[in-house]
Amino acid sequence: MSHQTVIVLDFGGQYNQLIARRVRECGVYCEVKPYTTPLEQLKAMEPIGIIFTGGPNSVYDEKAPHVDPAIFELGVPVLGICYGCQLMAHTLGGQVTAAQEDTAREYGKTETYYDTACKIFKGLPEKGISWMSHGDYMAKVPEGFALTAHTDACPNVAIADEKRGFYGVQYHPEVNHTEHGTDMIRNFLYEVCGAAGDWTMGDYKNTAIREIREKVGDGKVLLALSGGVDSSVAAALLAEAVGKQLTCVFVDHGLMRLNEGDEVEAAFARWDINFVRVDAEARFLLKLAGEAEPERKRKIIGEEFIRVFEEEAKKIGRVDYLVQGTIYPDVIESGAGDAAVIKSHHNVGGLPDYVDFKEIIEPLRLLFKDEVRQLGRELGLPEYLVMRQPFPGPGLAIRVIGDLTKEKLDTLREADAIYREEIAAAGEDKNINQYFAVLTNTRSVGVMGDGRTYDYTLALRAVTTSDFMTADWARIPYDVLDRISTRIVNEVKGINRIVYDITSKPPATIEWE
Ligand code: XMP
């Protein structure tokens, strides 16, 4: 089945994939194309609408990207965002200049007034915050255009030629800071382009499966499954696409939470693939024995993981494709430059340099986390896998402070399971982005029955965050904390004291090691 298509014409802005994501969210299929794509090719896609993205340039720069003016003769509606808006104004005979300091140059959240008679603001409030990030100013708008939004500093933050279906906004409707931004994009799609909303994640799944089959042919595919959301969804997609040609290697390092290894294995039982679960607990514990320093623990685990994976890969022989569960935010973050290393994150996805293979497949590369989850559901993965909170590659090894023993790991597993159970039972899991227990290396005196105890202190950690770069400690209700504390101390041998971590990140990190 073919879908109505919207083209996102990419001029190099930072939010281009976010625009695409908003369009998909509105139930419309879209493709991001570089601005250099020949007009004939764009025309052949028979788009119902085109969105020009933002970009770092000024339209009057010598090297600034331009479009073939004939794009405005296609009879297809256009929405220009930021640079895209200025480019449209410039190309259609308006005038764009550098804004004078303090006048029309705007950055950040800005109170904006909208003309709700304009189709893209239809049904929305007349006033709201928009996210601005532009240094240029439309000194003169092209003929046929009306001004449809303004701020206190700038009279023309949105323009429209409703007859021809051309709209431009100086701010970014695709970012969350712009109130009703997605509604504006939805209005463009439905009110202006006449979208039918004929696209779903199910369609995305089918398209992805078809493309993977075409690419892989009868080749062999290898995937390192960590049990996290991304690698699990990638695995399910590949399993659906190429079945037996896929080998999933799941290195069970014995540092998972309670029953987690079995859950991961069970989730993949429905596919006829080569599923290899390597029970490597003993190996990992042996290597880690006596090691208390967090960075060295991470290193040992990272290296041992590679060893085990390598051995398994050798058994399979030559593979053609290696799959990685890279998602879009990883793509952005990995370009973030050289920030100081606070912790060496060991990510079981990144293994390309020691396995012999032809090419990497990254089937989730363009998706955001919640889209990945949605795709996982489409593929029939169980909810506990799809909604799994982030779990560090080194697992519980960095949640048992100091040196590790199997006994300590088992104690932590038991306590952590009770903690998670009670948080979910109280419905608090909806408000908290990550929560887990930490077995501190501290013992203290307690009294149980008539006897003295000298046992471990368990710390509970729970944070709210949107990006995991900064985080706030979660305000769990006292009665829930009370229940958790009582149950753990009563049910788990070796723990006689519970503390709750009330530090944010920064200055603390989310994990303790
Ligand atoms: P921190 O402790 O640095 O954690 O505030 C931020 C987020 O990253 C997770 N984390 C890891 N994830 N490998 C991973 O894949 C790691 O080594 C690792 N260390 C921390 C942590 O759980 C939190 O979500």
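The structure we're discussing is the one just above.
Model, not experiment: these values are computed from the prediction.

Engineer: Would you mind going over the overall build of the chain with me for this structure?
Structural biologist: Looking only at helices and strands, the chain features 14 helices and 20 strands. Summarising its shape, the C-alpha atoms of the chain cover approximately 85 × 55 × 40 Å along the three principal directions. A buried classification covers 52% of the 513 residues belonging to the chain. Long-range contacts, defined here as pairs at least 24 residues apart, represent 75% of the contacts in the chain between residues at least 6 apart. Surface exposure of the chain reaches about 23300 Å², of which carbon and sulfur atoms provide 49%. When the 56 basic and 78 acidic side-chain charges of the chain are each reduced to a single mean position, those positions are 4 Å apart.

Engineer: Is there a simple way to explain the packing of aromatic side chains in this structure?
Structural biologist: Geometrically, a pair of aromatic rings is defined through the distance of the ring centres and the angle of the planes. Enumeration according to the criterion identifies 17 aromatic pairs in this entry. Considering the side-chain rings of Y419 and Y435, the 5.8 Å spacing of their centres and the 80° angle between planes classify their relative orientation as edge-to-face. In this pair, Y419 is assigned in helix 13 (residues 406–425) and Y435 in strand 17 (residues 434–448), connecting sequence segments 16 residues apart. When its relative accessible area of 0% is taken as the criterion, Y419 is described as buried. Taken together, the aromatic side chains of F11, Y35, F52, F72, Y83 and F166 make up a single cluster linked through ring pairs. R399 extends its terminal NZ or CZ atom over the ring of F436, reaching a point 3.8 Å from the ring centre.

Engineer: Even after reading the chapter, I still don't get the sheet that holds strand 16 (residues 359–361), so can you show me in this structure?
Structural biologist: Strand-to-strand pairing in sheets goes through backbone hydrogen bonds, with the strands running parallel or antiparallel. Pairing in this open sheet of five strands is parallel, and the strands run 14-13-12-15-16 from one edge to the other. Edge positions in the sheet fall to strand 14 (274–279) and strand 16, since each has one partner strand and no second. On average, each strand axis in the sheet is inclined to that of its neighbour by 25°, with strand direction left out of account. Summarising the sheet, strand 12 (residues 221–225) and strand 13 (residues 246–252) pair through five bridges and their orientation is parallel. Paired with L225 across the strands is F250, a residue of strand 13.

Engineer: Explain the sheet that holds strand 3 (residues 47–52) here, please?
Structural biologist: Reading across the sheet, the nine strands line up as 2-1-3-4-11-10-9-6-7 and stay open at both edges, with mixed pairing between neighbours. The sheet terminates laterally at strand 2 (29–34) and strand 7 (127–134), the two strands that pair on one side only. Pairs of neighbouring strands in the sheet enclose a mean axial angle of 25°, with direction left out of account. Bridging between strand 3 and strand 4 (residues 78–81) involves three bridges; their strand directions are parallel. For I50, the partnering residue across the bridge sits in strand 4 and is V78. The strands touched by helix 3 (residues 83–91) are strand 3, strand 4, strand 7, strand 10 (158–161) and strand 11 (166–169); relative to strand 4, the strand with the most contacts, the crossing angle is about 120°.

Engineer: Help me out: how do you make sense of the side chain of D203 in this one?
Structural biologist: Tracing the backbone through its elements, the reader meets D203 in helix 5 (residues 201–216). R210 provides the closest opposite charge to the buried, unpaired D203, separated from it by 8.7 Å.

Engineer: Help me out: how do you make sense of the nonpolar core in this one?
Structural biologist: Within the largest apolar cluster, 48 residues are counted, with the highest numbers of intra-cluster contacts made by Y419, L458, L460, I476 and I488. Once residues within four sequence positions are removed from consideration, L458 is found in contact with L412, A415, A437, V438, L439, I488, I495, R497, I498 and V499. If you look at the next biggest cluster of nonpolar residues, it comprises 41 residues, including M201, L225, L238 and L379.

Engineer: Looking at this structure, I do not really get helix 3. What am I missing?
Structural biologist: Every α-helix winds through 3.6 residues per turn, so residues three or four apart in the chain are directed the same way. Counting buried positions along helix 3 gives seven out of nine residues, so the element sits mostly inside the fold. Of all the positions in helix 3, only Y83, G84, C85, Q86, L87, M88 and A89 are classed as buried. In the segment just after helix 3, G93 is the residue with positive phi, at about 100°.

Engineer: Mind showing me how you'd approach the state of the cysteines here?
Structural biologist: By definition, a disulfide is the covalent link that joins the sulfur atoms of two cysteine residues. Scanning all chains against the criterion turns up zero disulfides. With no disulfide of its own, C85 has C82 as its nearest cysteine by sulfur position, at a separation of 8.1 Å. Between C118, a free cysteine, and C85, which holds the nearest cysteine sulfur, the sulfur-to-sulfur gap is 12 Å.

Engineer: Any chance you could explain helix 1 (residues 16–25) here in plain terms?
Structural biologist: When you tally the buried positions in helix 1, you get nine out of 10 residues, the bulk of the element. What helix 1 keeps buried is the set N16, Q17, L18, I19, A20, R21, R22, V23 and R24. Phi for G27, located one or two positions after helix 1, is positive at around 80°.

Engineer: What am I meant to see in the pairing of strand 7 here?
Structural biologist: Look at any regular strand and the pattern is simple: side chains alternate between the two faces of the sheet. Here strand 7 shows a buried face lined by G128, S130, M132 and H134 and an unburied face lined by K127, I129, W131 and S133. When strand 6 (residues 106–114) meets strand 7, the two strands line up antiparallel, connected through eight bridges. Residue pairing for strand 7: G108 is matched across the bridge by M132.

Rules and cut-offs
Every chain begins its residue count from 1, and numbering advances along the sequence as written. Note on the predicted model: pLDDT of at least 70 is required for a residue's local features to be given, and 80 or more for side-chain atom pairs to be given and counted; whole-chain, interface and lining totals, by contrast, use all residues. Only hydrogens and water are set aside when side-chain values are computed; all heavy atoms of the structure are taken into account. Each helix corresponds to a stretch of at least 4 residues labelled H or I by DSSP, and each strand to a stretch of at least 2 residues labelled E; elements are numbered beginning at the N terminus. Accessible area is worked out with a 1.4 Å probe on protein chains only. A residue is then buried under 20% of its type maximum, exposed over 50%, and partly exposed in between. Residues count as neighbours in contact if any of their non-hydrogen atoms are within 4.5 Å of one another. In this description, accessible areas are obtained by the Shrake-Rupley approach with a 1.4 Å probe, and a residue is regarded as covered only by the protein chains that are shown. By the counting scheme adopted, Arg and Lys are positive, Glu and Asp are negative, and His together with the chain ends is not counted. Charge coordinates come from a single atom per side chain, which is NZ of Lys, CZ of Arg, CG of Asp or CD of Glu. Each Phe, Tyr or Trp ring (for Trp, its six-membered ring) is paired with any other whose centre lies within 6.5 Å, and the angle between the two planes then decides the class: stacked below 30 degrees, edge-to-face above 60, tilted in between. We count a charge as sitting over a ring when the NZ of a lysine or the CZ of an arginine lies within 6 Å of the ring centre and within 35 degrees of the ring normal. Here, any two strands with at least 2 DSSP bridges between them count as paired. Interaxial angles span 0 to 180 degrees and are taken between N-to-C directions of axes, which are lines fitted to C-alpha atoms, for helices over the stretch in contact. We define a salt bridge as a contact between a side-chain nitrogen of Lys or Arg and a carboxyl oxygen of Asp or Glu at a distance within 4 Å. For our purposes a nonpolar core is just a set of buried Ala, Val, Leu, Ile, Met, Phe, Trp, Tyr and Cys residues, chained together by side-chain atoms within 4.5 Å. Throughout, disulfides are identified as pairs of cysteine sulfur atoms within 2.5 Å of each other.

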